[in-house]
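Understanding the architecture of this molecule
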Amino acid sequence: MKEIELKLQGKIKRLSNHTFKFDERIGEGWFSAVYFLKTKEIARKYKPDAVVTMQFFQKDHSVLCGTDEVIALLHTFADQPEKLEIHSLKDGDQISPFETVLTIKGRYQDFGYLEGLIDGILARRTSVATSVYNVMKAAALSGQQKPVIFMGDRDDHFTQQAGDGYAAFIGGSTAQATHAMNEWWGKQGMGTMPHALIQLFNGDIVEAAKAYQDTFPEDELIALVDYNNDVITDSLKAAREFGSELKGVRVDTSRMMIDKYFLRNQHVLGTFDPRGVNSELIVALRKELDEEGYQHVKIVVTGGFNEKRIREFEESRVPVDVYGVGSSLLKIHVGFTGDNVVLDGVHQAKAGRKLRPNPRLEKVVLE
C-alpha cells in the first residue's frame, strides 16, 4: 500500500522517505552549496550550542507543496532530528505572500546545510502545484470541471517526473502521462496513441486505431487526428469506422500549421489566427461530428495550452472536453527564501527580516 493511501486514511500524518527515496549523498553535503557546508563546520567549532530558528516564505499567492518532502529530508539527514522543533503548513494549503510556511528550530550544524535543498524542493513543488491548480480553475469556468491531463514528460529531465506528478496531484490533476508521475500518489500513467503510431501505418488513422484497439481492447479508444493536418476528415473517418467504440479524438495541430479545413473554407478566414488548435477549428469539428450522429465522441486538445489559452477557450464556450497541458506547468515561478531569524531565543536576522509567527503552522511529530 502506498504511503499516500495511509495518509488519506489518517493512519500517518506525512509521507516519508519510503516514498521519496532520497539520494544518500545528500547526507554528505553533495547537493548543498559549499558555503553552507563551511558554515556547518564553523558552527560546530565556535558555536556548538547555538540554537537558531530558520523560517521559510515566498512572495505570491500559491498552492503550497513539498512540505512532506522537506520534513522527510530533515528526518532523514539532519543530525539528531528528534531534537529539531519543526512547525509547518501542509501540502495543498493555499498561501499568501510572505506567509511563513515552515520553521525549524535547532542547532545550526544539525540541519543548516539543508537550507538550499529545502528552498529548491518547496519552489519546484509549489510552482507545479500552483500552475496545475490555476489551469484546473480555468478549465472549470464553463461551470463544469473538465479534466486536465498532465503531459510534462518531454519538458524536463525524466528524474523529475515522480515529484512533478505528485505536485500536479496536489494541484488537482489526477490524469498523468507516465507511470513515474503516478509513483508517489497513484497507480499507472494514461495515454493512447502518438504520431509515431500513425506514421507506422503510413498515415492511415483508421488502420492505426484498429491496431491500437486490437492490442489494448480494455482501453477507451481515442484517436489522434492531426497527423495529416486534416482533423475533421480524419475524425469522421474514425467515427464512421468505430461508431460507439470511438470515445474521443485528440487534436494536437502544430502552432506553425493551418488545418486543411480552412483551405477548403477560406471564406471563414480573416478575423482570427487560423494556426494550431484554435477555437474555430474545434467548433467546426464538433459541428461535423454532431451532424453525423457522433455526439458521444469527446474532443481532447493538446499542444501549447496554458492557463491563458484554456481560460480563453472556456470563456468562449469552445466545445472541448479534455485539455492536455505540458511545458507551461513546469516553469519555476515561485521562489522560497529561508532565513535564520532567531538566535538562542532572541531576534537576530539580516536587515528586513524577522520572525513572522503564523497560527496556521502545525507542530510536526517525528513518526
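For the structure itself, look to the data block above.
Keep in mind that what you see is a predicted model, and the values were worked out from it rather than measured.

**Considering the overall build of the chain**
Along the backbone of the chain there are 13 helices and 14 strands. C-alpha atoms of the chain, sized along the principal axes, occupy 80 × 45 × 35 Å. Across the 367 residues in the chain, those meeting the buried criterion constitute 49%. As displayed, the chain offers around 18100 Å² of accessible surface, 52% of which is attributable to carbon and sulfur atoms. Once the 46 positive and 52 negative side-chain charges of the chain are each reduced to a mean point, those two points are 6 Å apart.

**Looking at the layout of surface pockets**
In this structure, the largest pocket occupies an estimated 1200 Å³ of space. Along the walls of the largest pocket sit 43 residues, with Ile149, Met151, Gly191, Arg250 and Thr302 positioned nearest its centre. Listed by contribution, the elements that provide at least two residues to the lining of the largest pocket are strand S9 (246-251), strand S10 (298-301) and strand S11 (322-325). Within the lining of the largest pocket, the residues separate by chemical class into 15 nonpolar, 16 polar and 12 charged. Empty space within the second largest pocket amounts to approximately 580 Å³. Lining the second largest pocket are 22 residues, and of these Phe22, Ile26, Glu69, Arg125 and Gln160 lie nearest its centre. Per-element tally for the lining of the second largest pocket: the top contributor is helix H6 (residues 115-138), with 6 residues. When the residues that make up the lining of the second largest pocket are grouped by side-chain class, the tally is 9 nonpolar, 6 polar and 7 charged.

**With respect to the packing of aromatic side chains**
When we look at a pair of aromatic rings, we describe it by the centre distance and by the angle of the planes. The tally for this structure, following the rule as stated, stands at 12 aromatic pairs. Its end group placed over the ring of Tyr113, Lys40 keeps NZ or CZ at 4.3 Å from the ring centre.

**A word on unusual backbone geometry**
Peptide bonds are trans in most cases, and residues, glycine excluded, mostly fall at negative phi. In this structure, Gln80 takes a positive phi of about 50° despite not being glycine. Take Gln80: it is sitting in the loop between helix H4 (67-77) and strand S3 (85-88). The class for Gln80 is partly exposed, based on a relative accessible area of 29%. One non-glycine residue with positive phi stands out, namely Asn202, at about 55°. Turning to its location among the elements, Asn202 is positioned in the loop between helix H8 (195-200) and helix H9 (205-215). Residue Asn202 is classed as exposed on the basis of its relative accessible area of 76%.

Scoring rules and cut-offs
- Residues numbered from 1 in each chain as written.
- Predicted model: local features only at pLDDT ≥ 70, side-chain atom pairs only at ≥ 80, totals over all residues.
- Heavy atoms only, no water.
- Helix = DSSP H or I, 4+ residues; strand = E, 2+ residues; numbered from the N terminus.
- Buried < 20%, exposed > 50% of the residue type's maximum accessible area, 1.4 Å probe, protein only.
- Areas by Shrake-Rupley, 256 points an atom, 1.4 Å probe, with all protein chains shown as cover.
- Lys, Arg positive; Asp, Glu negative; His and termini not counted.
- Charge placed at Lys NZ, Arg CZ, Asp CG, Glu CD.
- 1 Å grid on protein atoms, 1.4 Å probe; cavity = no way out; pocket = protein on both sides within 12 Å on 5 of 7 lines; lining within 4 Å.
- Points joined across faces, edges and corners; volume = space filled by probe spheres on them.
- Nonpolar A, V, L, I, M, F, W, Y, C, P; charged D, E, K, R; others polar.
- Phe/Tyr/Trp six-rings, centres within 6.5 Å; stacked < 30°, edge-to-face > 60°.
- Lys NZ or Arg CZ within 6 Å of the ring centre and 35° of its normal.

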